[in-house]
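What the coordinates show
Take a look at the letters that make up each chain.
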Amino acid sequence: MKTINPHPKPPLVAAPFDSESLLRGSGLRVTRAAQTVLELLEHNSQPLTHEEVAAACTAATGEAPDRVTIYRVLDRLVEAGLCDRRVGPDRVNRFSRHVETASGNTFECDQCHKVLALPSDPELPKVMGRLGKALRKQGIDTRHTALTLHGTCGDCAR
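This report concerns the structure included in the present document.

To continue, consider the sheet that holds strand β5 (residues 148-151). With mixed pairing, the three strands of this open sheet are ordered in space as β4-β3-β5. Two strands lie at the open edges of the sheet, namely β4 (115-117) and β5, each paired on one side alone. In this sheet, adjacent strand axes meet at a mean angle of 25° when their direction is disregarded. Two elements, strand β3 (residues 106-109) and β5, share four bridges in a ladder whose sense is parallel. What sits directly across from Thr106, in β5, is Thr148.

Here it is as structure tokens:
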């Protein structure tokens, strides 16, 4: 006798990445360069330098992009909150898709520069509040606080 599951589970298929909608939703113009850069950042697990983005664009499209265009696209994506810019200890800017975290805090590997969301901790807002209060006593006004821990990820530690 065959039983029928009244509540079948949907297949675990990720929705396709829609760079056009993301760009439009952020108020940015939809250009080939913007879509290519955003898609490259979406599909890379590690942040990329400007040079790496330019090389990946060349590999993806078959033609070398204008370097200034890539700089401008990256700046616009950062301003729109679609990607993050991090300056490494080597003073090189690296770009990645924005990491949305419940806590707003991240971990960055110092070797591969992979960025991961930190788990929420109920004590952390209290600690950040105390730090903000101490800074205000020094005349420093903080608009936004976020914590980034640096170290070595599990992949690089092996």
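This next bit is on the packing of helix α2 (residues 32-42) against helix α4 (residues 67-79). Viewed as axis vectors pointing N to C, α2 and α4 meet at an angle of 65°, and their least axial separation amounts to 10 Å. As the angle between them shows, α2 and α4 are arranged roughly perpendicular. As α2 runs across α4, the sense of the crossing is right-handed. For the pair α2 and α4, contact is made by Ala33, Ala34, Val37, Leu38 and Leu41 and by Thr69, Ile70, Val73, Leu74 and Leu77, respectively.

Moving on, we come to the pattern of salt bridges. Applying the stated criterion to the full structure yields nine salt bridges. Across the pair Arg67 and Glu51 runs a salt bridge, and its minimum N-O distance is 3.6 Å. With Arg67 in helix α4 and Glu51 in helix α3 (residues 50-61), this residue pair connects regions lying 16 residues apart in the sequence. The partner of Glu123 in a salt bridge is Lys126, with the nearest N and O atoms 3.5 Å apart. You can call Lys126 partly exposed: its relative accessible area is 49%. When salt bridges that share partners are traced, they join Lys114, Asp155 and Arg158 into one network.

Below, the discussion takes up α3. In an α-helix, one full turn covers 3.6 residues, which means residues spaced three or four apart are oriented alike. The terminal C-alpha atoms of α3, which comprises twelve residues, lie 16 Å apart, in line with the 16 Å expected from a rise of 1.5 Å per residue. Along α3, the positions that sit buried rather than exposed are His50, Val53, Ala54 and Cys57. When α3 is viewed along its axis, its buried side chains cluster within an angular range of 100° and face the same direction. In the segment just after α3, Gly62 is the residue with positive phi, at about 85°.

Grouped together as the largest cluster of nonpolar side chains are 17 residues, with contacts concentrated most on Leu23, Val37, Leu41, Val53 and Leu77. Among the elements of the structure, α2, α3 and α4 are those that each provide at least two residues to this core. With five residues, the single largest contributor to this core is α2. Judged by nonpolar contacts, the second largest core, of five residues, contains Phe107, Cys112, Leu118 and Cys153.

For the rest of this paragraph, the subject is helix α5 (residues 124-137). Counted at 1.5 Å a residue, the expected span for α5 with its 14 residues is 20 Å, and the 20 Å between its end C-alpha atoms agrees. For α5, the full list of buried residues reads Leu124, Met128 and Gly132. Viewed along the axis of α5, the buried residues span an arc of 70°, placing them on a single side of the element. Residues of α5 that are exposed and point more than 90 degrees away from the buried face comprise Arg130 and Lys137. Positive backbone phi, approximately 85°, marks Gly139, located one or two places after α5.

Take the state of the cysteines next. One pass over the full model with this rule turns up zero disulfides. Looking at the unpaired Cys112, the closest cysteine sulfur is the one in Cys156, lying at 3.7 Å. Of all cysteine sulfurs in the structure, the one in Cys156 sits closest to Cys153, which takes part in no disulfide; the separation is 3.7 Å. Overall, the relative accessible area of 6% leaves Cys153 in the buried class.

Parameters at a glance
- Residues numbered from 1 in each chain as written.
- Predicted model: local features only at pLDDT ≥ 70, side-chain atom pairs only at ≥ 80, totals over all residues.
- Heavy atoms only, no water.
- Pairing = 2+ DSSP bridges.
- Helix = DSSP H or I, 4+ residues; strand = E, 2+ residues; numbered from the N terminus.
- Axes fitted to C-alpha atoms, helices over the stretch in contact; angles between N-to-C directions.
- Parallel < 35°, antiparallel > 145°, perpendicular 65-115°, else oblique.
- Left-handed = near helix turned anticlockwise from the far one by under 90°.
- Contact = heavy atoms within 4.5 Å.
- Salt bridge = Lys/Arg side-chain N within 4 Å of Asp/Glu carboxyl O.
- Buried < 20%, exposed > 50% of the residue type's maximum accessible area, 1.4 Å probe, protein only.
- Expected span 1.5 Å × (residues − 1).
- Arc of directions from axis to C-beta.
- Core = buried A, V, L, I, M, F, W, Y, C linked by side-chain atoms within 4.5 Å.
- Disulfide = S-S within 2.5 Å.

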